Amino acid sequence: MIPFNHFLETWLAWLVASSWQLALLISVVAVLTRLLRAASPRLRHALWLLVLAKAFLPPGLTTPMSVGRWGVGPLSEALGLPARSAAVWPVGGGRPGSSLEAAHEDATERARREPSADRANLRLLLAFCVWSTGCLSFWGFVLGRYARLSRTLNSSPTLDEGPIRVALERAAIQLGLRRIPDVVAVDLMTSPFLFGLLRPRIVLPRGLLGRWSDAELRAVLVHELAHWQRGDTWIGWLQTTAHGLFWFHPFLWWAGGQVRHHRECACDETVLRLGEVDPQQYGEAILDMLSAMRGRSLASGSLVGIFEEGTQLQNRLEEIMNYHPTKRRFGSLSRLAIITTAVLLLPMSPGAGKRPAVLANDEADKAETAKANDPHARIVKSSPRQGATEVDPDIGEISVTFDRDMEPGMSWTGGPPLFPPLDKSRQPRWTDQRTCVLPVKLEAGAYYRLGINSSSHQNFRAKKGPPAATAALYFSTKGATEEVAGRVRVPAIVAIEPKNGAGDVDPETKSLRVTFNIPMSEGMSWTGDGESFPKIPEGKSASWSDDALTCTLPVKLEPDHDYELGLNSVAHNNFQSKWGVPLEAVVYKFHTRPAGR
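Residues numbered from 1 in each chain as written. Predicted model: local features only at pLDDT ≥ 70, side-chain atom pairs only at ≥ 80, totals over all residues. Heavy atoms only, no water.

## Observations regarding the overall build of the protein chain
Along the backbone of the protein chain there are 15 helices and 21 strands. Relative to its 597 residues, the protein chain shows a buried fraction of 48%. Of the roughly 28,800 Å² that the protein chain leaves accessible, carbon and sulfur atoms contribute 56%. (Helix = DSSP H or I, 4+ residues; strand = E, 2+ residues; numbered from the N terminus. Buried < 20%, exposed > 50% of the residue type's maximum accessible area, 1.4 Å probe, protein only. Areas by Shrake-Rupley, 256 points an atom, 1.4 Å probe, with all protein chains shown as cover.)

## Observations concerning the nonpolar core
Formed by 33 residues in total, the largest nonpolar core has its most connected members in Leu25, Trp48, Val51, Trp131, Phe246 and Leu252. Where this core is concerned, the elements lending two or more residues are helix 1 (2-35), helix 2 (41-56), helix 5 (107-154), helix 9 (232-245), helix 10 (250-274) and helix 13 (332-345). Ranked by residue count, the leading element in this core is helix 2, at eight residues. When near neighbours in sequence (up to four residues on either side) are disregarded, valine 51 contacts Leu22, Leu25, Ile26, Val29, Leu252 and Ala255. In terms of nonpolar packing, the next biggest core, distinct from the first, is built from 29 residues, Ile164, Leu175, Trp228 and Tyr282 among them. (Core = buried A, V, L, I, M, F, W, Y, C linked by side-chain atoms within 4.5 Å. Contact = heavy atoms within 4.5 Å.)

## Here we look at the sheet that holds strand 6 (residues 379-383)
Spatially, four strands are ordered 6-8-11-10 in an open sheet, and the strand pairing comes out antiparallel. One side of each edge strand has no neighbouring strand; the edge strands of this open sheet are strand 6 and strand 10 (429-430). In this sheet, strand 11 (residues 435-439) lies alongside strand 8 (residues 397-402) in antiparallel orientation, the contact comprising five bridges. Note on strand 11: the bridge partner recorded for glutamate 397 is proline 439. (Pairing = 2+ DSSP bridges.)

## Quick notes on the sheet that holds strand 14 (residues 493-497)
Two pairing modes exist for strands in a sheet, parallel and antiparallel, and in both the strands are linked by backbone hydrogen bonds. Strand order in the open sheet made by the four strands is 14-16-19-18, with antiparallel pairing throughout. Of all strands in the sheet, those with a lone pairing partner are strand 14 and strand 18 (543-544), marking the two edges. Of the pairings in the sheet, the one linking strand 16 (residues 511-516) to strand 19 (residues 550-554) comprises five bridges and is antiparallel in character. Within the sheet, the bridge partner assigned to leucine 512 lies in strand 19 and is leucine 553.

## Quick word on the packing of aromatic side chains
For the structure on display, the rule yields 23 aromatic pairs. Taken together, Trp11, Trp14, Phe128, Trp131, Phe246, Trp247 and Phe248 form an aromatic cluster joined through their ring pairs. We note arginine 487 situated over the ring of tryptophan 579; from NZ or CZ to the ring centre the distance is 3.7 Å. (Phe/Tyr/Trp six-rings, centres within 6.5 Å; stacked < 30°, edge-to-face > 60°. Lys NZ or Arg CZ within 6 Å of the ring centre and 35° of its normal.)

## Description of a nonpolar patch on the surface
Residues Leu12, Val16, Trp20 and Leu24 make up a contiguous nonpolar surface patch of roughly 320 Å² in combined accessible area. Along the chain, tryptophan 20 turns up in helix 1. Exposure remark for tryptophan 20: the relative accessible area of 36% places this residue in the partly exposed category. (Patch = residues over 30% accessible without salt bridge, like charges linked within 9 Å, V, L, I, M, F, W, Y side chains within 5 Å. Salt bridge = Lys/Arg side-chain N within 4 Å of Asp/Glu carboxyl O.)

## Section: helix 12 (residues 313-321)
Since the α-helix advances by 3.6 residues per turn, residues separated by three or four positions end up pointing in the same direction. Looking at helix 12, one finds that the buried residues are Arg316, Leu317, Glu319 and Ile320. Burial along helix 12 is one-sided: seen end-on, the buried residues are contained in an arc of 160°. (Arc of directions from axis to C-beta.)

## What to know about the packing of helix 8 (residues 214-230) against helix 10
In contact at an axis separation of 9 Å, helix 8 and helix 10 are set at 125° when each is read in the N-to-C sense. Here helix 10 runs oblique to helix 8, going by the angle between their axes. You can see that helix 8 and helix 10 cross each other, and the crossing is right-handed. The segment helix 8 lies against helix 10, with Ala219, Val222, His223, Ala226, His227 and Arg230 engaging Arg263, Glu264, Ala266, Cys267, Asp268, Thr270, Val271 and Leu274. (Axes fitted to C-alpha atoms, helices over the stretch in contact; angles between N-to-C directions. Parallel < 35°, antiparallel > 145°, perpendicular 65-115°, else oblique. Left-handed = near helix turned anticlockwise from the far one by under 90°.)

## Details of unusual backbone geometry
Glycine aside, negative phi is the norm for most residues, and most peptide bonds take the trans geometry. The peptide bond linking proline 416 to proline 417 adopts the cis configuration, its omega dihedral lying at 5°. Along the chain, proline 417 turns up in the loop between strand 9 (412-413) and strand 10. Cis peptide bonds are those with omega within 30 degrees of zero, and the linkage from glutamate 497 to proline 498 qualifies with -5°. By secondary structure assignment, the location of proline 498 is in the loop between strand 14 and strand 15 (502-505). With phi around 60°, alanine 548 is a residue other than glycine that occupies positive phi space. When you line up the elements, alanine 548 lands in the loop between strand 18 and strand 19. Overall, the relative accessible area of 17% leaves alanine 548 in the buried class.

## Remarks on helix 9
The end-to-end C-alpha separation of helix 9 is 20 Å, in line with the 20 Å expected for 14 residues at 1.5 Å each. Buried within helix 9 are the following residues: Asp232, Thr233, Ile235, Gly236, Trp237, Gln239, Thr240, Ala242, His243, Gly244 and Leu245. (Expected span 1.5 Å × (residues − 1).)

## Some remarks on the pairing of strand 20 (residues 562-567)
As judged from the two bridges shared by strand 17 (residues 523-527) and strand 20, these two strands associate in the antiparallel manner. Opposite tryptophan 526, over in strand 20, you have leucine 567 as the bridge partner. Bridge count for strand 20 against strand 21 (residues 586-592) is six bridges, and the pairing is antiparallel. Along strand 21, the bridge assignment pairs tyrosine 563 with phenylalanine 590.

## Remarks on the environment of serine 66
Along the polypeptide, serine 66 turns up in the loop between helix 2 and helix 3 (67-78). As a C-alpha pair, serine 66 and leucine 344 span 278 residues in sequence and 4.3 Å in three-dimensional space. Engagement of the side chain of serine 66 in a polar contact is seen with the backbone oxygen of threonine 63, the distance being 3.0 Å. Within the structure, serine 66 has its side chain in polar contact with the backbone oxygen of proline 347 (distance 3.0 Å). (Polar contact = N/O pair within 3.5 Å; in protein donor to acceptor, adjacent residues only side chain to side chain.)

## So, the side chain of glutamate 216
Summarising the element assignment, glutamate 216 is placed in helix 8. On the basis of relative accessibility, which here comes to 17%, the residue glutamate 216 falls in the buried class. Those residues in contact with glutamate 216 that sit more than four places away from it in its chain are Arg211, Gln281 and Ala285.

## Some remarks on the packing of helix 2 against helix 10
Closest axis-to-axis distance for the helix 2/helix 10 pair is 8 Å, and the angle between their directions is 150°. Accordingly, the angle class assigned to the pair helix 2 and helix 10 is roughly antiparallel. Crossing angle aside, the handedness with which helix 2 passes helix 10 is left-handed. Note on element contacts: helix 10 touches helix 2 through Leu252, Trp254, Ala255, Gln258, Val259, His262, Arg263, Cys265, Ala266, Glu269 and Arg273, opposite Pro41, Arg42, Arg44, His45, Trp48, Leu49 and Val51. Across the contact of helix 2 with helix 10, the residue classes tally to ten nonpolar, three polar and five charged. (Nonpolar A, V, L, I, M, F, W, Y, C, P; charged D, E, K, R; others polar.)

## A short note on the confidence of the model for the protein chain
Put simply, the protein chain has an average pLDDT of 82, and 83% of its residues get 70 or more. When pLDDT is averaged over each helix and strand of the protein chain, the minimum, 34, is found for helix 4 (residues 100-103) and the maximum, 96, for strand 11. Overall, residues 80-114 carries pLDDT values under 50, and its contacts beyond four positions in sequence, including any with other chains, amount to 89 contacts. Segment residues 352-372: pLDDT under 50, and 35 contacts once partners within four positions in sequence are set aside and those in other chains are kept. (pLDDT = per-residue confidence, 0-100.)

Right, here's the structure in full:
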């Protein structure tokens, strides 16, 4: 279940991040298109297509110049929200999202937490089922409707000759089209529309064919050919896919209507630009067509036509009547505006926040400076001391002393069999504002490990400060065998590839590998963020070797690039030995050589 729970958590994170980013982008594009209402409808349509593109882009996308960096990030900090969704990248080995820290909570906490965790997982699963049902129901409805219409059209004759075919070929020549759709006449009560991707057909209602003049017929055909030339049927299917994924998102439904409206306006502009019909005549023809068809149209979703659901007739007619061939050009400035908007607005992740504090083994002087400025409370003394052996099992209590005054709460974390048995006749307590005591009943010849704070329990907290840095207290008692006493051993890195500090790393390197001197738990914490953290290939994840000594991180490196990441940090220390002893945080740096060398 753990991999599936991780999938559900990843799905929820994607859905939430994508949803708010879509809402923000739609709001901005709505303002832009309102300000550009005098510009070409092709420009406004292209801006709305950025919303459609955003629905399929990963929400973690970021660039140094994007709105995520200069807008979303500062706003999040001002509101006290997390600067980004994943400032650190802790990963689990064979079980995504798992960590030793999560597996070692004390029995009391676990008993209290498991029912609520089960309920949370159940709610998450229920949310996923509701979302999936909505997606499949919407897509099923669209595909069913499409299949029924396809059967109807397949039984309708194709107009391969006659004045309609001649008018179609003439319109195609004017638009510079070499391949043109077929024309089908049907008895359906609908406005004209374009149907199909690989086998496109222009669908004309028989009831209107006798009402159109030659100029109006050519205008209708040009309009539908413009849809074909622009690839609007493909865009319609992308809209259908996006609406299925975000069927609950009212902003996206409204944006879909805007895409359809400006798409129709852009095709209207194409008709008027050819000069086959004047604006007044074209507008009157549209009204006459709408009246004859009683406002009905099958064009929606993946279909495009003269009328589509969600379009705004009055605004469209105003644009037609106010058309002038020398105005509203779509040139290089319009294209530059679209590119600039895409670069600035599509990447909405805040990107790099403040880097987590990390400790390099060869930077002791920097570590001392960082420690002096560290806002996190740290343990300066413990009893027994960390890593002690031959501890008297009759000591009766464990204590930790912090480097500053603390709040009255506490989070002793861990669970059987490593967490020390509690002396339930006495309560944990603070002897003063810096020293906390935990009553225990130890046994001889045993190894114990307990945590101070964890990712989910952080009640050890400095006064007017953040939670204390996560830490582990581990020791063995008198009478322990050599194997049991050896469990206090701190893991160390014996090999790392590429080497730490290397300056000529092959950018084609596919993975980072770190090997430890003792078997490790399945958790891990590769920490870092921003441009200096290596990109992870899609679908790949870190893994442990069968002997639990080597951890491999798949990467996609760039040439001539500086990389810096950490193994463990103040808040994330899931690189731990099999017995819960964490690796001292390490900074890992290297530089890739330029391409072609």
